[in-house]
There are 2 protein chains.
Amino acid sequence: MNSDVGHDQRFFCAALAEAEQGLAEGGVPIGAALVVDGRVVATGRNRRVQQGDPIAHGEMDCLRQAGRRRDYRRATLYTTLSPCMMCAGTIAQFGIPRVVVGENTSFGGNEAFLRSRGVEVLVLDDARCQELMRRFQEEHPDVWAEDIAE
Amino acid sequence: MNSDVGHDQRFFCAALAEAEQGLAEGGVPIGAALVVDGRVVATGRNRRVQQGDPIAHGEMDCLRQAGRRRDYRRATLYTTLSPCMMCAGTIAQFGIPRVVVGENTSFGGNEAFLRSRGVEVLVLDDARCQELMRRFQEEHPDVWAEDIAE
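Treat the numbers as computed from the prediction; the structure is a model and nothing was measured. (Residues numbered from 1 in each chain as written. Chains lettered and ligands numbered in written order. Predicted model: local features only at pLDDT ≥ 70, side-chain atom pairs only at ≥ 80, totals over all residues. Heavy atoms only, no water.)

### Section: unusual backbone geometry
Stated precisely, the cut-off is as follows: Here a strand is any run of E in DSSP of at least two residues, a helix any run of H or I of at least four, and the numbering for each starts at the N terminus.
Its identity is not glycine, yet Asp125 of chain A carries a phi of approximately 55 degrees, on the positive side. Take Asp125 of chain A: it is sitting in the loop between strand 5 (120-123) and helix 6 (127-139). Of note, the phi angle at Asp37 of chain B is positive, near 50 degrees, even though the residue is not glycine. With respect to the helices and strands, the residue Asp37 of chain B is situated in the loop between strand 1 (31-36) and strand 2 (39-45).

Written out as structure tokens, the structure reads:
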């Protein structure tokens, strides 16, 4: 494992911990972390259920927690699940140049959009994230369908 | 003025009122309203300054205020300014089929993305919205640059 991957795995754990907390709260188990200059500046998780907030996807909640910033161009956003079009559009709008994704088998499809906007996308194929989503999709198919507007 | 345009102008006033309230609060003067089945179900405004929240663009705040819904496919989103890529991505993700935009001279460029996703986009070229943005951009160029991540 090279040094970059080691860093990514370490930062990714902050996103995964948020996803696990979301599941424990009865929420959609998707978490995110924003890293700037080698430091986690904010984490977040999907809070649709907890706050009744349809825009509170993990990535969005993380960016809200991070507050007003001017350093997005030095940031990497870690997320346990591949970004939906809301979150992908936000990453492009904010000018975040790099996204590390836990997995894209439970949901995906916006990687090409991100890359077309110059965003580097790394997919970890993390089995823990897949298992979290599998459990959630089985137990709450209605909330999952709502969260991806299906 | 045909009946549809009359309805649009009436609903649009709810978005414009939010933009004006935003300016009065020292915020970014952009407002939005969500209409479902001929009824305003929520309004919102940019609250970056008021709440220190970078994702609280007018459209996003409005969708947050509207809460968890399953009726986006019968909705029209009114917004005083052409949606940024975050808001355009959200409109596409939520499956909102129609957007009425106050103006797209102060900011724009995502109309083609929206139309490519099947969203109908109507631009009103509203002089009141242009004037609100002109005043704000002159008085707070730094906050405006921050809001569009430039």
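### Considering the UniProt feature "domain: CMP/dCMP-type deaminase" (unreviewed entry) in chain A
How we decide: UniProt positions are given in the numbering used here, feature names are shortened, and annotations may be inferred rather than shown by experiment.
Following the UniProt record, one finds the feature "domain: CMP/dCMP-type deaminase" (unreviewed entry) at residues 6-121 of chain A. Between the end C-alpha atoms of residues 6-121 of chain A the distance is 16 Å, and the span holds 41% helix and 24% strand.

### Considering the pairing of strand 4 (residues 98-103) of chain B
Residue and element names in this part refer to chain B. Operational definition: Only protein chains enter the accessibility calculation, which uses a 1.4 Å probe; a residue is then buried when its area is under 20% of its type maximum, exposed when over 50%, and partly exposed in between. DSSP-based pairing: two strands are paired if at least 2 bridges between them are found. Place the viewer so that the strands point away; then a crossover is right-handed whenever the path from the first strand over the helix to the second strand goes clockwise.
Among the six residues in strand 4, six count as buried, and that is most of the element. Across five bridges, strand 3 (residues 75-81) lies against strand 4 in parallel orientation. Residue pairing for strand 4: Leu81 is matched across the bridge by Glu103. Between the parallel elements strand 3 and strand 4, the chain passes through helix 4 (residues 85-94) in a crossover that is right-handed. Two elements, strand 4 and strand 5 (residues 120-123), share four bridges in a ladder whose sense is parallel. Its bridge partner lying in strand 5, Val100 is registered against Leu122. One crossover worth recording links strand 4 to the parallel strand 5 by way of helix 5 (residues 111-116), and it is right-handed.

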